[in-house]
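# Coordinate inspection notes
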Protein chains: 2
Amino acid sequence: MNTHTTPLTDAQQLDRADPLGLCRDWFDLPQGLVYLDGNSLGALPRCTAQRVAHTVQHEWGQNLIKSWNAAGWFDAPQRIGDLIAPLIGARAGEVVACDSTSVNLYKVLHAALMQQKAGSQKRVVLSERSNFPTDLYMAQSLCAQHGFELKLVSWPELPRAIDQSVAVLMLTHVHYRSGRMHDMAALTQAAHAAGALAIWDLAHSAGAVPVDLHGAHADYAVGCGYKYFNGGPGAPAFVWVNPKHANSFSQPLSGWWGHAQPFAFTPDYKPASGVGQYLCGTQPIVSSVALQAGLELFAQLAGGMQALREKSLALTDLFMQLVDEQTQGAWQLVTPREHTLRGSHVSYTCAEGGYAFVQALIARGVIGDFRAGDESAPFEEDRLPILRFGFAPLYNSYCDVWQAAQHIGEVLRTGEWRCAKYQVQSAVT
Amino acid sequence: MNTHTTPLTDAQQLDRADPLGLCRDWFDLPQGLVYLDGNSLGALPRCTAQRVAHTVQHEWGQNLIKSWNAAGWFDAPQRIGDLIAPLIGARAGEVVACDSTSVNLYKVLHAALMQQKAGSQKRVVLSERSNFPTDLYMAQSLCAQHGFELKLVSWPELPRAIDQSVAVLMLTHVHYRSGRMHDMAALTQAAHAAGALAIWDLAHSAGAVPVDLHGAHADYAVGCGYKYFNGGPGAPAFVWVNPKHANSFSQPLSGWWGHAQPFAFTPDYKPASGVGQYLCGTQPIVSSVALQAGLELFAQLAGGMQALREKSLALTDLFMQLVDEQTQGAWQLVTPREHTLRGSHVSYTCAEGGYAFVQALIARGVIGDFRAGDESAPFEEDRLPILRFGFAPLYNSYCDVWQAAQHIGEVLRTGEWRCAKYQVQSAVT
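Reading the values: rules and limits
- Residues numbered from 1 in each chain as written.
- Chains lettered and ligands numbered in written order.
- Predicted model: local features only at pLDDT ≥ 70, side-chain atom pairs only at ≥ 80, totals over all residues.
- Heavy atoms only, no water.
- Buried < 20%, exposed > 50% of the residue type's maximum accessible area, 1.4 Å probe, protein only.
- Helix = DSSP H or I, 4+ residues; strand = E, 2+ residues; numbered from the N terminus.
- Pairing = 2+ DSSP bridges.
- 1 Å grid on protein atoms, 1.4 Å probe; cavity = no way out; pocket = protein on both sides within 12 Å on 5 of 7 lines; lining within 4 Å.
- Points joined across faces, edges and corners; volume = space filled by probe spheres on them.
- Nonpolar A, V, L, I, M, F, W, Y, C, P; charged D, E, K, R; others polar.
- Salt bridge = Lys/Arg side-chain N within 4 Å of Asp/Glu carboxyl O.
- Axes fitted to C-alpha atoms, helices over the stretch in contact; angles between N-to-C directions.
- Contact = heavy atoms within 4.5 Å.
- Buried area = accessible area lost by both parts, 1.4 Å probe.
- Polar contact = N/O pair within 3.5 Å; in protein donor to acceptor, adjacent residues only side chain to side chain.
- Core = buried A, V, L, I, M, F, W, Y, C linked by side-chain atoms within 4.5 Å.
- Least-squares fit on C-alpha atoms with pLDDT ≥ 70 in both.
- Right-handed = clockwise from strand over helix to strand, strands pointing away.
- Parallel < 35°, antiparallel > 145°, perpendicular 65-115°, else oblique.
- Left-handed = near helix turned anticlockwise from the far one by under 90°.
- Arc of directions from axis to C-beta.
- Phe/Tyr/Trp six-rings, centres within 6.5 Å; stacked < 30°, edge-to-face > 60°.

Here the focus is the pairing of strand β7 (residues 220–223) of chain B. Residues and elements named next belong to chain B. Residues Tyr220 and Val222 line one face of β7 and the alternating positions Ala221 and Gly223 line the opposite face, and both faces are buried. Both strand β6 (residues 197–201) and β7 contribute to a ladder of three bridges, which runs parallel. Opposite Asp201, over in β7, you have Val222 as the bridge partner. Alignment of β7 against strand β8 (residues 237–241), held across four bridges, turns out to be antiparallel. Note on β8: the bridge partner recorded for Ala221 is Trp240.

A word on empty space enclosed by the protein. The gaps of empty space that remain are located by a probe, the size of a water molecule, rolled over the atoms. Tallied over the entire structure, the rule returns seven cavities of 30 Å³ or more. Size it by volume and the largest cavity reaches roughly 310 Å³. Every element with two or more residues in the lining of the largest cavity is listed here: α5 (101–117) and α6 (133–146) of chain A. Among the residues making up the lining of the largest cavity, the classes are represented as 12 nonpolar, 15 polar and five charged. Along its surface, the second largest cavity is lined by 21 residues, and A:Trp256, B:Thr101, B:Phe132, B:Cys224 and B:Tyr226 are the ones closest to its centre. Counting residues per element, the ones that place at least two in the lining of the second largest cavity are α5 (101–117) and α6 (133–146) of chain B.

A few words now on the pattern of salt bridges. Residue and element names in this part refer to chain B. Within this structure, the stated rule accounts for 31 salt bridges over all chains. Two residues, Glu410 and Arg364, come together in a salt bridge whose shortest N-O distance is 2.8 Å. Taken together, the residues span a long stretch of sequence, with Glu410 in helix α13 (residues 398–414) and Arg364 in the loop between α11 (354–363) and β11 (366–367) at a distance of 46 residues. The class of Arg364 is partly exposed, set by a relative accessible area of 24%.

With that settled, the discussion passes to the sheet that holds strand β10 (residues 345–350) of chain A. Residue and element names in this part refer to chain A. Spatial ordering of the open sheet is given by β9-β10-β13-β12, a layout of four strands whose pairing is antiparallel. Single-partner strands in this sheet number two, and they are β9 (331–333) and β12 (369–371). Averaged over all neighbouring strand pairs, the angle between strand axes comes to 35°, with direction disregarded. Relative to strand β13 (residues 386–390), β10 runs antiparallel, the two being bridged by four bridges. Considered in β13, the bridge of Tyr348 is made with Leu387.

All right, on to the interface of chain A and chain B then. With 76 residues of chain A in contact, the opposing surface of chain B contributes 77 residues. When the two sides are added together, the surface that chain A and chain B hide from each other amounts to roughly 6500 Å², 69% of it contributed by carbon and sulfur. Considering only the side of chain A, the residues that lose the most area to chain B are A:Trp60, A:Tyr137 and A:Phe265, jointly responsible for 12% of the buried surface there. Viewed at the interface, chain B and chain A are joined by zero salt bridges. Counting the contacts that link chain A with chain B gives 26 residue pairs in polar contact (both at pLDDT 80 or more). Secondary-structure elements contributing two or more residues to the side of chain A that touches chain B are α2 (46–62), α3 (67–70), α5, α6 and α9 (285–299) of chain A.

A separate point is the nonpolar core. Of all hydrophobic cores here, the largest spans 237 residues; its most connected members are A:Ile88, A:Leu202, A:Tyr278, B:Ile88, B:Leu202 and B:Tyr278. When sequence neighbours within four positions are dropped, the list of residues in contact with A:Tyr278 reads A:Val96, A:Cys98, A:Lys107, A:Val108, A:Ala111, A:Tyr220, A:Val239, A:Val241, A:Phe249 and A:Gln251.

A few words on the relation of the copies chain A and chain B. When chain A is fitted onto chain B, the two copies agree to an RMSD of 0.0 Å after a turn of 180° and an axial shift of 0.0 Å. Those values place the two copies in the arrangement expected of a two-fold rotation axis. Of every C-alpha in chain A, the one belonging to A:Ser287 sits nearest the axis of rotation, 2.7 Å from it. A symmetric contact is evident, with 100% of the interface residues of chain A recurring at the interface of chain B.

Moving on, we get to the pairing of strand β5 (residues 166–172) of chain B. A regular strand places its side chains so that they alternate between the two faces of the sheet. All names here are of chain B. With seven of its seven residues buried, β5 lies for the most part within the structure. Of the pairings in the sheet, the one linking strand β3 (residues 124–128) to β5 comprises three bridges and is parallel in character. What sits directly across from Val125, in β5, is Val168. Examined bridge by bridge, β5 and β6 share five bridges and lie parallel to one another. When the bridges of β6 are listed, Thr172 appears paired with Asp201. Handedness of the crossover joining β5 and β6 through helix α8 (residues 184–193): right-handed.

Residues and elements named next belong to chain A. At Asp99, a position not held by glycine, the phi torsion is positive, near 50°. Overall, the relative accessible area of 14% leaves Asp99 in the buried class. In this structure, Asn230 is a non-glycine residue whose phi angle is positive, near 60°. Relative to the assigned elements, Asn230 resides in the loop between β7 (220–223) and β8 (237–241). For Asn230, a relative accessible area of 1% translates into the label buried.

The next thing to look at is the packing of helix α4 (residues 76–84) of chain B against helix α9 (residues 285–299) of chain B. Residue and element names in this part refer to chain B. Relative orientation of the contacting elements α4 and α9 amounts to 25°, with a least axis distance of 10 Å. Relative to α9, the element α4 lies roughly parallel. Judged by the twist between their axes, the crossing of α4 over α9 is left-handed. Here α4 contributes Ala76, Arg79, Ile80, Leu83 and Ile84 to the contact with α9, which in turn contributes Ile285, Ser288, Leu291, Gln292, Leu295 and Glu296.

Residues and elements named next belong to chain B. Turning to α4, its buried residues are Ala76, Pro77, Ile80, Gly81 and Ile84. In an axial view of α4, the angular spread of the buried residues amounts to 130°, which keeps them on one side of the axis. Close packing links the buried residues of α4 with β2 (95–98), β8 and α9.

This paragraph deals with the environment of A:Cys98. Residues and elements named next belong to chain A. Its place among the elements puts Cys98 in strand β2 (residues 95–98). Classification of Cys98 by relative accessible area gives buried; the value is 0%. Along the sequence, Cys98 and Glu149 sit 51 residues apart, while their C-alpha atoms lie 28 Å from each other. Not counting residues within four places of it along the chain, the set of residues in contact with Cys98 comprises Asn104, Lys107, Pro236, Ala237, Phe238, Val239, Tyr278, Leu279 and Gln283.

In the structure shown here, the tally under the stated rule is 55 aromatic pairs over all chains. Their ring planes at 85° and their centres at 4.9 Å tell us that A:Phe132 and A:Tyr176 sit as a pair that is edge-to-face. Residue A:Phe132 is found in the loop between β3 (124–128) and α6, and its partner A:Tyr176 is found in the loop between β5 (166–172) and α8 (184–193); the two are separated by 44 residues along the sequence. Of the residues examined, A:Phe132 reaches a relative accessible area of 10% and is grouped as buried. Members of the aromatic cluster, each reached through a chain of ring pairs, are A:Trp68, A:Trp73, A:Phe74, A:Trp256, A:Trp257, A:Phe263, A:Phe265, B:Phe132 and B:Tyr176.

Here we take up the sheet that holds β6(B). All names here are of chain B. In spatial order, the strands read β2-β8-β7-β6-β5-β3-β4; together these seven strands make up an open sheet with mixed pairing. Sheet topology places β2 and β4 (149–153) at the edges, where each strand pairs with a single neighbour. Looking at each pair of strands side by side, their axes are set apart by 20° on average, direction ignored. Each of β2 and β8 is contacted by α4, which is oriented at about 120° to β2, the strand it contacts most. Across the sheet, α5 is in contact with β2, β3, β5, β6, β7 and β8; its angle to β7 comes to roughly 170°.

In this section: the side chain of B:Asn242. Residue and element names in this part refer to chain B. Secondary-structure assignment places Asn242 in the loop between β8 and α9. For Asn242, a relative accessible area of 8% gives the class buried. Within the structure, the side chain of Asn242 is placed 2.8 Å from the backbone oxygen of Ala218, a separation counted as a polar contact. Excluding residues within four positions of it along the chain, Asn242 makes contact with His214, His217, Ala218 and Asp219.

Written out as structure tokens, the structure reads:
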């Protein structure tokens, strides 16, 4: 029995008409795999293997130490940052690619707290309880060290919670579970009105939705290199600071790469101007080169982030429609349907078997992932187990969407997710 | 004119008799190059390019997100740490490979300061003024944040400076300029006698000299992956904590990889037990795989670190002898001649033209490096400009030593270092 009402030919027609359809050939995706986990680990661009091999064999192997200058290894964080800048509404020279998102969040949150500390009664760092946990963990550490309080609320409570006690509003732009997207401009404005600074984690939005940090007057931002940027597993993250803070911020991980003159080897730290101060130690060059290769694809893209967003919305709209057809109410959509309220992944919940269902789909070659609920959370949405499907408009096709929905329907109808083998849990965001 | 008194045939004979001579074939060194900068960036092992390509093309490209488990990406920091442990006198499970040396130093220094803070009047972090600057910069930041004072002395003053005011003794085991090696056991003992904790930066000793962290009763250690470990440019660093501190330390970069259950996604940070707590964010896997490939060579080595040390001393003894012959007093040795007092690089100073001299040698295919002096340092040794030659016993040969000394003599006699083209400065440690 097949309850599908939308035929595959419709999806094929959409793929033929897709102005970004040829971009899929930029990627080395396994034949037959429907990969809907690019929000966790982006796919391998075809150009990357060759770029990495060149760096390893030629730049490192043959030119050795000379490559710090000759191959531009030194400038990699800034050069990669300049590729990221236009994708997030920042300008050249304002972004550096380095370290991990967690470490970068530590730098910017510390910087923001120190700005606020100067003579104010603002002692609260405000975030969502269901924010990606590492952000909360880093905030807990900094709050404990510097006498602040981490206040966690659910998203509907945010507007009211932004009061005069708040020193820093720290949010992830697109929620890693629900796919819900905050109104960055409105929340930043509310934060500023309350005298707070706004830090945005772009892990699930950079490269997926147009971000306008300057337009939103954001203060600080961090984000991830290995999701929609396709930089490879554990690729360096990035950090941005609004230039208006250039003379007032300082970050605590004051390593030599952030020094104004690292090769003067002076015993006293003198920070570089601007975002260069966010560098700390030597960066992993091989992983950085892979990230650069991934980002250069965005620079080649006709239509830029706006074109990607249009396709992302079309893919996810179709997915929602087809999953509705296939699941007939057995799955409930967690992600908002409204375009302005969501990023590029779609999340469902179901009464039972969410984890096993994702495993059954993986066995069929449809790769999504599962996130358990936070059972002790006061807000219902946070307690829901989540089946999560990410759509990377650079390489996902309308046929991917159709195939995924088809398999979801089949797994539901066959009940194969009940099979005992679909257990043993592990996952990465 | 050739004042050389030791013939090339002597070096050739030493190479033929070298039990580690075949190890050079493990590396892809450019033909004819005399590479004496492995203390800055280690050479490329032949196996590494293939390992990296496999990770990029197969693990990432084909298996995608599954590789976090299937290819052991998650466990990479611990697995690589276990390869490092026997080289530094640590035990399996006590070392993780992650982040940069600077970031790791921040973690351990913070941990040590927090241990000391509990009710003590110890407010001093003691180090060398000429310690590698990033270590001092990180210490400055932590001292300023937590009310400690960074006290910097020269090495002869260290024993007397280790008094009851000292909370933490923070030293680099082998000095990046002079090549001088501290007596880790004696200084750690002195620190403990004064109630201080001892942190050792092994950047210029790990993989170069046998290190015995447990034998020295050290408290914390960090080190570098891209020097003698041949892990590639910016390879992850490592961190070790003495298990006796396992229940008393905490580090501030409390990211999700250091959580006891990272995939429970709970909002509260609960640190993993032991050194696992030193992990923070997602690690750069491609760079990590290169580091693992470099370290696996050490595991194959008959005789281990002791065999490497014997060759390192033989290479550097010969170098000192031949440079004496060639320079006839025009260069002064900065590195101590005594074996127990030095690591695996040899440093000279000369009255003029040190930087240009190194450039002239590089033009001849002899790669060493130059470090300017700290002109305002009170201790004379710290003010000296340094010509630095690193000997990596895994791949440097006695013929390398002979060729290097020969070129040094020729550059001195021809005066070609005076040529204007040997200017424009840049360098990496």
